[in-house]
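Chains, contacts and geometry: an overview
Each chain, written out:
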Amino acid sequence: MSNQPDGGGGDDHVRRTEPAGEAVITASPASRASLARLSRAALIGAWTVALALPVIGLVSLFFRARLDPEWTSSRLHFVLFLAVGIGAFVLAYFAGQAAERRGDARVFLLSLAFRATAGFLAIHAIGTPGVLLNNDLPGFKVAIPVGLLVAALFAGASAFIDLRPGFAAYVMRHRVGLRAVVLVTMAAWVIWTLLELPPLARTSAEAAGMLLQTVAAVGAVAYGASAARYLVVYRRRMTLLPSSVVTCFILLAEALFGSALVGERTWHASWWEWHGLIVTAYVVILYAARRQWAEERFHRLYLTATRQRTQDLSVLFADLASFTTFAEQSSPAEVASVLSAYYGMAAPLISHGFGGEVEKFIGDAIMATFNSRGDQPDHAVRAARAAMELQRQMGLLATEHPGWPKLRVGVNTGQALVRELGGPGYVAYAVVGDTINTASRLQTQAPLGGVLIGAETYRRLPPHTRAEARPRLTVKGKQTPVDAYLLRSVPDDSQNDLGWHRAAVIRSQLALRHRSPKPEATPGQSTVLPPVPQHQDSI
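In this report, we go over the structure that sits alongside the text. Worth saying up front: this structure is predicted, and the values here are computed from it rather than measured. (Residues numbered from 1 in each chain as written. Predicted model: local features only at pLDDT ≥ 70, side-chain atom pairs only at ≥ 80, totals over all residues. Heavy atoms only, no water.)

1. Thoughts on the side chain of Ser314
To keep it simple, the criterion reads: We count a stretch as a helix when DSSP gives it H or I for four or more residues in a row; a strand needs E for two or more, and each element gets its number in order from the N terminus. Throughout, exposure labels follow a simple rule: accessible area from a 1.4 Å probe, protein chains only, divided by the maximum for the residue type, with under 20% read as buried, over 50% as exposed, and the rest as partly exposed. In protein, a polar contact means a hydrogen-donor-capable atom and an acceptor-capable atom, both N or O and within 3.5 Å, with residues adjacent in sequence counting only if both atoms are side-chain atoms; elsewhere, any N or O pair within 3.5 Å suffices. We call two residues in contact whenever any of their non-hydrogen atoms come within 4.5 Å of each other.
Along the chain, Ser314 turns up in strand β2 (residues 308-320). By relative accessible area, which is 0% here, Ser314 ends up buried. In terms of polar contacts, Ser314 uses its side chain to reach the side chain of His379, at 2.8 Å. Of the polar contacts made by the side chain of Ser314, one reaches the side chain of Thr413; its length is 2.7 Å. Not counting residues within four places of it along the chain, the set of residues in contact with Ser314 comprises Ala368, Thr369, Phe370, His379, Ala380, Ala383, Asn412 and Thr413.

So, in structure tokens, the structure goes:
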């Protein structure tokens, strides 16, 4: 039997997370204090710039003749804003990854704001006259204010999303469509600009006309309101990252105000100054994100519901039976080969194949959850099919390598608590509750090569699922007997949302099959994944 989790202080299982960075863990108290002082100094510097630049810009406007000289540098303008756009896109990418991993709508909306800003900054840079294009098209000139307005809408939504908890779940369910909205908006603006459709058909669109003033006013109000809301939400835990977001919003609001005032003075000092506000805004937030722990850069911004929530989910435990005995009788190289093949097959199958999340490896055991972010209503089906496919793939490995340990798998469905734990340098998201513990116990009761599921999991599977009842099982640590089912097969359900992952699973099957003859069917493992549809869904 493997190292099955069974602590004396309780059976709750905690998601494995890596330390955020070795430097954070090994640094001395003096070093950590020095880093804290450096972060505070950077934040003070950012606020100083945020307050000083608008004042300098206003002074230059009042004394244009002497303090607002013209300086033309098309190449610098192109390189600078393309670089800032790339930096904002990198920020958007990592924020989006964090939001996906934890299911946090606030950070996801921020990632959309960063993405929109990045795209329109790139559009503005590409339209720099004399670099890639010779024509001085108005749409390219006002691309930054338009992009900042689009980003302001997402920024505002991120600031106020905690007032409507149900909206957060809606955002995460429709995250693919929201990303598409940003891309379509950018593409539409480029087409509109190139076709020079009204109101961009004017020769002096850089002038602070009604369009630019309206865009600037709405965007500035949205950023100001967002900054104020973030100050209210994080007033008791105003650390570096929330402070940098507030600073960024204030700088962008000032930049929009400045663009409306000095738009007609292209290449003058005041024109460069409001561009500098945008650069500073993203330098500030890039620095703050870089200073956070690598594994959880944005966790300071997570919603309360992300930090702790009750979640309906399915959990899968898989364990190699008699692995300790096998390891004792085998060479270390062979033991390593078993684990390498096992993990290399199981982890992508669960995560990429069925959309589950591998929570941790426990020796030769795996714990995975489905619907931990609340975006998989068919999580019981996913978990059951993942378990059956996992057993089938292990059957292929066992056929290729006689003597290798066989697998036991347990699946259970129900409520669990997802809660953020840890402190500076280490953050874990614990998934705890009786649902988790029961799944572990079902795994220990499963037969070799079999899948034992809980009654609630069985209830949520599609009609004509084949399973054998195992009523009133007595499992360790539970006083009440557990009703379970030995799963035999899960029929195809064309209404489920598993189409997007089938190609990945079948590719993994073919990669294994080309190395060994096709094995005979094994009793109790008859589940076959549905055929790959001609048009697969995407995530």
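2. Comments concerning unusual backbone geometry
Glycine aside, the phi torsion of most residues is negative, and most peptide linkages are trans. Even without glycine at this site, Glu196 takes up a positive phi of about 55°. Structurally, Glu196 can be placed in the loop between α9 (175-195) and α10 (210-233). A positive phi is found at Ser322, a non-glycine position, where the angle reads about 55°. Note that Ser322 resides in the loop between β2 and α14 (323-329).

3. Some points on the pattern of salt bridges
Applicable threshold: Salt bridge, as used here, is a side-chain nitrogen of Lys or Arg placed within 4 Å of a carboxyl oxygen of Asp or Glu.
One pass over the structure, following the stated rule, counts 16 salt bridges. The partner of Arg179 in a salt bridge is Glu100, with the nearest N and O atoms 2.8 Å apart. Of this pair, Arg179 sits in helix α9 while Glu100 is found in helix α4 (residues 74-102), placing the two residues 79 residues apart along the sequence. Linking Asp375 and Arg373 is a salt bridge whose minimum nitrogen-to-oxygen distance equals 4.0 Å. Judged by relative accessible area, Arg373 falls into the partly exposed class, the value being 22%.

4. Side note on helix α17 (residues 434-445)
In an α-helix, one turn spans 3.6 residues; hence positions three or four apart end up facing the same way. What counts, and what does not: Here the expected length of a helix is defined as 1.5 Å per residue gap, with one fewer gap than residues.
The terminal C-alpha atoms of α17, which comprises 12 residues, lie 16 Å apart, in line with the 16 Å expected from a rise of 1.5 Å per residue. All of the buried residues along α17 are Thr435, Ile436, Asn437, Thr438, Ala439, Ser440, Arg441, Leu442 and Gln443.

5. Let's talk about a nonpolar patch on the surface
Applicable threshold: Candidate patch residues must exceed 30% relative accessible area and have no salt bridge, after which like charges are joined if within 9 Å and Val, Leu, Ile, Met, Phe, Trp or Tyr side chains if within 5 Å. For every accessible area listed, the method is Shrake-Rupley and the probe measures 1.4 Å; residues are considered covered only by the protein chains on display.
Nonpolar side chains collect at one region of the surface, where Ile86, Phe89, Val90, Tyr93 and Phe94 lie side by side and expose about 480 Å² of accessible area between them. The topology assignment puts Tyr93 in helix α4. The partly exposed category is assigned to Tyr93, whose relative accessible area is 41%.

6. Remarks on the pairing of strand β3 (residues 357-362)
Just so we agree on the cut-off: Strand pairing is assigned whenever DSSP detects at least two bridges linking the two strands.
Across 5 bridges, β3 lies against strand β4 (residues 365-370) in antiparallel orientation. The partner of Ile362 across the bridge, within β4, is Ala365.

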